[in-house]
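# Examining the three-dimensional arrangement
What follows is each chain in one-letter form.
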Amino acid sequence: MRALIAVLVGMLFGFGLSLSGMTEPLRVLGFLDLAGQWDPTLGFVMGGALMVTLPGFWLARRRGRPILDSGFQLPTRRDLDRRLIIGTGLFGIGWGIAGFCPGPAIASLSSGLPMVLAFAAAMAVGMLVHDRLLNR
Amino acid sequence: MVDTAAWMRGLAGGLMIGLAALSLLLFNGRIAGVSGVLGGALTGSMAGDRAWRWLFLVGLVVGALVYTLVAGRPVITAVPTSLGWTLIAGLLVGVGTRMGNGCTSGHGVCGLARFSGRSLVGTATFMLFGFVTVFVTRHLLGGL
């Protein structure tokens, strides 16, 4: 059952990303280009998602445990460390260069475009390099 | 350019993304942060914790395929960067999201909804660096 939920949730996520236009790098870069012809679409996407998750997460967590598991697995750290700033900063630079973040990059693999595959492969390598070599 | 149809598609797609993230938390108790899901799928420490991650990722691709079939339009029409810059960007996104523990979905959609201070700072940081990077590449360097 949890496996089925994972697939269905992934599909809804991928469909929503595609509908939102966020799988199109030029639209993402249009949002990040404050000095150009600014495209606010990404703001609508974030706003729409938060309209659901802000009240929804609060209500879900009031249940005490998820419907199909014994407990929530949530991040517990609260400290603001250097790795958080450097990591999200590096991510922001990569995002600003290509217009891809992880979700849209994976969803766009459906297009079969070699450049998307190249980005996704490089991203996977970056993750492995970090986890194997740079993780303290 | 005022393209209200695109904004409304963005809002509708955003609502779906939010519903997906909420469903994963409500049913399975997990955070739908794509970099975290992918990172765990690639390097996963807990053996039994990897299957659902791959299923979620396959779902992401299938969902986009379904969109292509239903809407009759491709999810992506142009990659604006050269192969070299695309690879560099991919590496930066991969290393950065693991080091910073999240991306647009994990910090932006899920973290902000949990009122996480780390996610607020993380989101502000990647947004700021995204804005600055595009300013540099498009307006100072004249495009990559």
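Anything mentioned here points back to the structure above.
In short, a report on the structure. (Residues numbered from 1 in each chain as written. Chains lettered and ligands numbered in written order. Predicted model: local features only at pLDDT ≥ 70, side-chain atom pairs only at ≥ 80, totals over all residues. Heavy atoms only, no water.)

### Let's talk about the overall build of chain B
Filter applied, for reference: Helix and strand assignments follow DSSP, with helices taken as H or I runs no shorter than four residues and strands as E runs no shorter than two, numbered in order from the N terminus. When a residue's accessible area, from a 1.4 Å probe over protein chains only, is under 20% of the maximum for its type it is buried; when over 50% it is exposed; and in between it is partly exposed. Note on contacts: a residue pair qualifies if any of its non-hydrogen atoms lie within 4.5 Å across the two residues. All accessibility values rest on the Shrake-Rupley procedure with a 1.4 Å probe; residue burial counts only the protein chains present in the view.
Across its full length, chain B holds six helices and zero strands. Projected onto its principal axes, the C-alpha positions of chain B cover 50 × 35 × 30 Å. Expressed as a percentage of its 144 residues, the buried residues of chain B come to 53%. Sequence-distant contacts, at least 24 apart, represent 34% of the contacts inside chain B between residues at least 6 apart. Carbon and sulfur atoms form 73% of the exposed surface of chain B, whose accessible area is close to 5800 Å².

### Structural notes on the side chain of Asp-33 of chain A
Threshold: Nitrogen and oxygen atoms within 3.5 Å of one another constitute a polar contact, given that in protein one can donate a hydrogen and the other can accept it, and given that sequence-neighbouring residues count only through two side-chain atoms.
The residue Asp-33 of chain A is located in the loop between α2 (25-32) and α3 (41-62) in this model. The buried category is assigned to Asp-33 of chain A, whose relative accessible area is 5%. A polar contact is formed between the side chain of Asp-33 of chain A and the side chain of Arg-138 of chain B, at a distance of 3.0 Å. A polar contact of 2.6 Å, which involves the side chain of Asp-33 of chain A, links it to the side chain of His-139 of chain B. Those residues in contact with Asp-33 of chain A, other than ones at most four positions away along the chain, are Trp-38 of chain A together with Val-134, Arg-138 and His-139 of chain B.

### Focus: the packing of helix α6 (residues 114-134) of chain A against helix α2 (residues 34-43) of chain B
As a reminder of what qualifies: Here an axis means a line fitted to C-alpha atoms, over the contact stretch when the element is a helix, while the angle between two N-to-C directions is reported on a 0 to 180 degree scale. Our angle categories are set so that under 35 degrees counts as roughly parallel, over 145 as roughly antiparallel, 65 to 115 as roughly perpendicular, and the remainder as oblique. In this scheme the handedness of a crossing depends on how the near helix is turned from the far one: anticlockwise by less than a right angle means left-handed, clockwise means right-handed. The residue classification treats Ala, Val, Leu, Ile, Met, Phe, Trp, Tyr, Cys and Pro as nonpolar and Asp, Glu, Lys and Arg as charged. All others, Gly included, are polar.
Between α6 of chain A and α2 of chain B, whose axes approach to 10 Å, the crossing angle comes to 70°. The angle between the axes of α6 of chain A and α2 of chain B places the two elements in the roughly perpendicular class. With respect to the hand of their crossing, α6 of chain A and α2 of chain B are arranged in right-handed fashion. Residue-level inspection shows Met-123, Ala-124, Met-127, Leu-128, Asp-131 and Arg-132 of chain A of α6 of chain A in contact with α2 of chain B, the latter providing Ser-35, Leu-38, Gly-39, Leu-42 and Thr-43 of chain B. Classifying every residue of the contact of α6 of chain A with α2 of chain B gives six nonpolar, three polar and two charged.

### Structural notes on the pattern of salt bridges
All names here are of chain A. As a reminder, the rule being used: The salt bridge criterion pairs a side-chain nitrogen of Lys or Arg with a carboxyl oxygen of Asp or Glu, the two atoms within 4 Å.
In the structure shown here, the tally under the stated rule is eleven salt bridges over all chains. Across the pair Asp-69 and Arg-2 runs a salt bridge, and its minimum N-O distance is 2.9 Å. With a gap of 67 residues between them, Asp-69 in the loop between α3 and α4 (82-98) and Arg-2 in helix α1 (residues 2-20) connect regions that are remote in the sequence. Under the relative-accessibility criterion, Asp-69 is labelled buried at 14%.

### Here we look at a nonpolar patch on the surface
Residue and element names in this part refer to chain B. Put simply, the rule is: Patches here are clusters of residues that have more than 30% relative accessible area and form no salt bridge, with a 9 Å joining cutoff for like charges and a 5 Å cutoff for nonpolar side chains (Val, Leu, Ile, Met, Phe, Trp, Tyr).
Together, Trp-85, Ile-88, Leu-128, Phe-129, Val-132, Phe-135, Val-136, Leu-140, Leu-141 and Leu-144 give the surface a local cluster of nonpolar side chains, amounting to about 870 Å² of exposed area. Those elements that provide at least two residues to the nonpolar patch are α4 (83-99) and α6 (117-140). Per element, the largest residue contribution to the nonpolar patch is six residues, and it comes from α6. Relative to the helices and strands, Trp-85 resides in helix α4. The exposure class assigned to Trp-85 is partly exposed, which follows from its relative accessible area of 34%.

### Considerations on the environment of Gly-100 of chain B
All names here are of chain B. Tracing the backbone through its elements, the reader meets Gly-100 in the loop between α4 and α5 (104-113). Gly-100 sits in the buried class, given a relative accessible area of 0%. Along the backbone, Gly-100 and Gly-122 are 22 residues apart, and their C-alpha atoms lie at a distance of 7.2 Å.

### Considerations on the side chain of Arg-30 of chain B
Within the element layout of this structure, Arg-30 of chain B appears in the loop between α1 (4-28) and α2. Of the polar contacts made by the side chain of Arg-30 of chain B, one reaches the side chain of Asp-49 of chain B; its length is 2.8 Å. Discounting chain neighbours no more than four positions away, the residues touching Arg-30 of chain B are Asp-69 and Gln-73 of chain A together with Leu-24, Leu-25, Asp-49 and Trp-52 of chain B.

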